Protein chains: 2
Amino acid sequence: MKGKISAERKKEIIEGFYYLSKENGLENTSIAKIGKHLGIPPSLVMHYFPTKDILISNLISYILDQYLKIYEPVIKELETKNHADPKTFVDSLFSREWNLLFDDGVFYSCYALIFRNDVIKKEYRKLHDRLREFLKEILDRDESLKNQDTQLLAEQIFVVVEGAYYYLSMIDNEDTYNKKVENFKEQVYDLLRKKEEQHL
Amino acid sequence: MKGKISAERKKEIIEGFYYLSKENGLENTSIAKIGKHLGIPPSLVMHYFPTKDILISNLISYILDQYLKIYEPVIKELETKNHADPKTFVDSLFSREWNLLFDDGVFYSCYALIFRNDVIKKEYRKLHDRLREFLKEILDRDESLKNQDTQLLAEQIFVVVEGAYYYLSMIDNEDTYNKKVENFKEQVYDLLRKKEEQHL
DNA sequence: TCATATATTGAACACTCATTCAATATTATA
DNA sequence: TATAATATTGAATGAGTGTTCAATATATGA
């Protein structure tokens, strides 16, 4: 049990960082504030994360891990049953739990950093590559999509999903929100249907 | 000529703010730095923009105006010729000039603010509502799309465009970038075609 | 030309920032 | 138990933050 306390503290600090960023914004969250929130001096924060840049890049790893966790249930389903319904998966992409587990504000703040930080850019790219490959696997195991360009299809689906969340984040009214979700979902279904038709 | 100097200084300050945000990031651009960049004391900056919040919200107005300006040529074409080719418009959405005129880093940094500032959220929403309505007009005047739900179609197209830029921003390799642009463009063309078919 | 409004300056404010460091407490290892 | 490694503390640093204010320069309108 050498690095156990260390690992726990690190996790605690990153989660505190995430919590405060969610509450007050990434740019308004300082090392001192994280320390205060956890009841420890700022110097202890810096003992585990020597610079703020390192702290931020760890926050991003944490966020991208969280992002991936949302897909975990379906990944397991795919591994055990060796099959997953694309439509069910698409539904889960647009499900509400999403927003409960995940804060889009922090996510977009971190995303904005890719434009001035190549390491962060790479990490974001890696995550999305993985997600796309995963959806491709689901599509590959679907009979109705045999001999289709599932790579392209996966890309097309995710473009709609990301664009959808971009737009949905601006909507306050619940009815409008729900209606738009249905439209976007239908748009993805259309993509799946179109490919099926090509197959026939 | 009452508020002329005032208007010019304000413009100068906002453009300096934008320039520095592009260079070093929105969160790293202070009032002092803007002043230094323009050769004026920070107090003069605050004379025209009493608080930093006001300064930021003016930067956002500026950015959204810039965003809109990209569409100006097509808007004029529509007004004079009373018609515009949807495909040409889609092409312009994916054109390179875009990225030259506009910095996505600053745009996304500002976008991230909508999650904690309702006024900014409203401004962003207003911009996108306007753009969608404008595309709808173009589609409405296209014969091949008669009796179609052009509002929905416009929404579907913009979702692809926004999602596309989200993904494209992560790509460094030029060939990969171009290939993906072509795919996304094709995806939008498909949307237009699909609706045409429904019409026949 | 004189009074008034606007533009501009420079110094100062309290506060927060990330970071450093030496000292101490706690834990793990031998 | 003694030693070494790790965890934690608290105080201090200088630089930067947004903001205030009184003083001065410049332009505008009567």
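Residues numbered from 1 in each chain as written. Chains lettered and ligands numbered in written order. Predicted model: local features only at pLDDT ≥ 70, side-chain atom pairs only at ≥ 80, totals over all residues. Heavy atoms only, no water.

Here we look at the overall build of chain A
Logical step 1: When you go through chain A residue by residue, the secondary structure sums to eleven helices and zero strands.
Logical step 2: Going from N to C terminus, chain A has its helices and strands arranged as α-α-α-α-α-α-α-α-α-α-α.
Logical step 3: Along the three orthogonal principal directions, the C-alpha set of chain A runs to about 65 × 45 × 30 Å. (Helix = DSSP H or I, 4+ residues; strand = E, 2+ residues; numbered from the N terminus.)

Focus: the environment of A:S21
Residues and elements named next belong to chain A.
Logical step 1: Note that S21 resides in helix α1 (residues 4-24).
Logical step 2: Classification of S21 by relative accessible area gives buried; the value is 3%.
Logical step 3: A C-alpha to C-alpha distance of 8.6 Å links S21 and G105, two positions 84 residues apart in sequence.
Logical step 4: In contact with S21, other than residues within four places in its own chain, are L26, T29, L59 and V106.
Logical step 5: Of note is the side chain of S21, whose polar atom sits 2.8 Å from the backbone oxygen of F17. (Buried < 20%, exposed > 50% of the residue type's maximum accessible area, 1.4 Å probe, protein only. Contact = heavy atoms within 4.5 Å. Polar contact = N/O pair within 3.5 Å; in protein donor to acceptor, adjacent residues only side chain to side chain.)

Digging into the relation of the copies chain A and chain B
Logical step 1: Under the fitted operation, chain A is carried onto chain B by 0.0 Å of movement along the axis and a turn of 180 degrees, and the coordinates agree to an RMSD of 0.0 Å. Look at the turn and shift together and you get a two-fold axis relating the two. When each C-alpha of chain A is compared by its distance to the rotation axis, A:G163 comes out closest, at 1.8 Å.
Logical step 2: By residue overlap, the copies meet face to face through one surface: 100% of the interface positions of chain A are interface positions in chain B. (Least-squares fit on C-alpha atoms with pLDDT ≥ 70 in both.)

A look at the domain arrangement of chain A
Frequently, the measure chosen for interface size is the accessible area removed from exposure when the parts meet.
Residue and element names in this part refer to chain A.
Logical step 1: Segmenting chain A into domains produces domain 1 (4-50) and domain 2 (65-199).
Logical step 2: Computed from C-alpha coordinates alone, the two centres of domain 1 and domain 2 are separated by 31 Å.
Logical step 3: Taken residue by residue, the interface counts four residues in domain 1 and eight residues in domain 2.
Logical step 4: Broken down residue by residue, the surface that domain 1 buries against domain 2 is led by Y18, K22 and L26, which jointly contribute 89%.
Logical step 5: Joining domain 1 to domain 2, the criterion identifies zero salt bridges.
Logical step 6: Run the count over domain 1 and domain 2 and you get one residue pair in polar contact (both at pLDDT 80 or more).
Logical step 7: Of the residues contributing to the side of domain 1 that touches domain 2, the split by class is two nonpolar, one polar and one charged. (Domains from an automatic or database assignment. Buried area = accessible area lost by both parts, 1.4 Å probe. Salt bridge = Lys/Arg side-chain N within 4 Å of Asp/Glu carboxyl O. Nonpolar A, V, L, I, M, F, W, Y, C, P; charged D, E, K, R; others polar.)

Topic: the protein's contact with DNA strand D
Logical step 1: By nearness alone, 17 residues border DNA strand D, and A:P41, A:S43, A:Y48, B:S30 and B:K52 come closest of all.
Logical step 2: In DNA strand D, atoms within 4 Å of the protein come 63% from sugar and phosphate.
Logical step 3: Contact distances for DNA strand D include 3.3 Å between a phosphate oxygen and a backbone N or O atom of A:S6.
Logical step 4: Measuring from a phosphate oxygen of DNA strand D, one finds a side-chain N or O atom of A:R9 at 3.0 Å.
Logical step 5: Elements supplying a minimum of two residues to the surface near DNA strand D: α1 and α3 (42-48) of chain A together with α2 (31-38) and α3 (42-48) of chain B.
Logical step 6: With four residues, α3(A) is the single largest residue contributor to the surface near DNA strand D. (Near = heavy atom within 4 Å.)

Quick notes on the UniProt feature "domain: HTH tetR-type" (unreviewed entry) in chain A
Logical step 1: When the UniProt feature table is mapped onto this chain numbering, "domain: HTH tetR-type" (unreviewed entry) sits at residues 7-67 of chain A.
Logical step 2: Secondary structure across residues 7-67 of chain A comprises 80% helix and 0% strand; the distance between its end C-alpha atoms is 21 Å. (UniProt positions renumbered as here; feature names shortened; annotations may be inferred.)

Points about the UniProt feature "DNA-binding region" (unreviewed entry) in chain A
Logical step 1: According to UniProt, the feature "DNA-binding region" (unreviewed entry) maps to residues 30-49 of chain A in the numbering used here.
Logical step 2: Structurally, residues 30-49 of chain A comprises 75% helix and 0% strand, and the distance from its first C-alpha atom to its last is 13 Å.

Here we look at the packing of helix α4 (residues 52-69) of chain A against helix α9 (residues 118-140) of chain A
Residue and element names in this part refer to chain A.
Logical step 1: Between α4 and α9, whose axes approach to 11 Å, the crossing angle comes to 10 degrees. By the angle between their axes, α4 is roughly parallel relative to α9. On α9, the residues touching S57, I60, S61, L64, Y67 and L68 of α4 are I120, E123, Y124, L127, H128, R130 and L131.
Logical step 2: Counted by class, the contact of α4 with α9 contains eight nonpolar, three polar and two charged residues. (Axes fitted to C-alpha atoms, helices over the stretch in contact; angles between N-to-C directions. Parallel < 35°, antiparallel > 145°, perpendicular 65-115°, else oblique.)

As for the nonpolar core
Logical step 1: By size, the foremost hydrophobic cluster in this structure holds 142 residues, and its most contacted members are A:I63, A:Y71, A:Y124, B:I63, B:Y71 and B:Y124.
Logical step 2: Dropping the residues within four chain positions of it, A:Y124 is found in contact with A:I60, A:L64, A:F107, A:C110, A:Y111, A:I114, B:Y166 and B:M170. (Core = buried A, V, L, I, M, F, W, Y, C linked by side-chain atoms within 4.5 Å.)

Structural notes on helix α9 (residues 118-140) of chain B
Residue and element names in this part refer to chain B.
Logical step 1: Relative to the 33 Å expected for 23 residues at 1.5 Å per residue, α9 spans 32 Å between its end C-alpha atoms, a close match to the ideal helical length.
Logical step 2: Among the residues of α9, those classed as buried are I120, K121, Y124, L127, H128, L131, R132, F134, L135, I138 and L139.
Logical step 3: Between the side-chain oxygen at the start of α9 and the backbone nitrogen of V119 there is a gap of 2.9 Å, and the oxygen is on N117. (Expected span 1.5 Å × (residues − 1).)

Thoughts on the protein's contact with DNA strand C
Logical step 1: Around DNA strand C, 18 residues are found, and the nearest of them are A:S30, A:K52, B:R9, B:P41 and B:S43.
Logical step 2: Contact distances for DNA strand C include 2.9 Å between a phosphate oxygen and a backbone N or O atom of A:I31.
Logical step 3: The side chain of A:K52 places a nitrogen or oxygen atom 2.7 Å from a phosphate oxygen of DNA strand C.
Logical step 4: Contributions of two or more residues to the surface near DNA strand C are made by α2 (31-38) and α3 of chain A together with α1 (4-24) and α3 of chain B.
Logical step 5: When residues of the surface near DNA strand C are assigned to their parent elements, the largest contribution, four residues, is made by α3(B).
Logical step 6: The class makeup of the residues in the surface near DNA strand C is eight nonpolar, six polar and four charged.

Considering the interface of chain A and chain B
Logical step 1: Taken together, the contact between chain A and chain B spans 45 residues of the former and 45 residues of the latter.
Logical step 2: The three residues of chain A that bury the most area against chain B are A:Y166, A:Y167 and A:M170, which together make up 18% of that side's buried surface.
Logical step 3: A salt bridge links B:R116 to A:E27; its shortest N-O distance comes to 3.2 Å.
Logical step 4: Run the count over chain A and chain B and you get 18 residue pairs in polar contact (both at pLDDT 80 or more).
Logical step 5: Among the secondary structure elements, those contributing two or more residues to the side of chain A that touches chain B are α1, α8 (104-111), α9, α10 (150-168) and α11 (174-199) of chain A.
Logical step 6: If one sorts the elements of the side of chain A that touches chain B by residue count, α10(A) sits on top with twelve residues.
Logical step 7: Across the side of chain A that touches chain B, the residue classes tally to 20 nonpolar, eleven polar and 14 charged.

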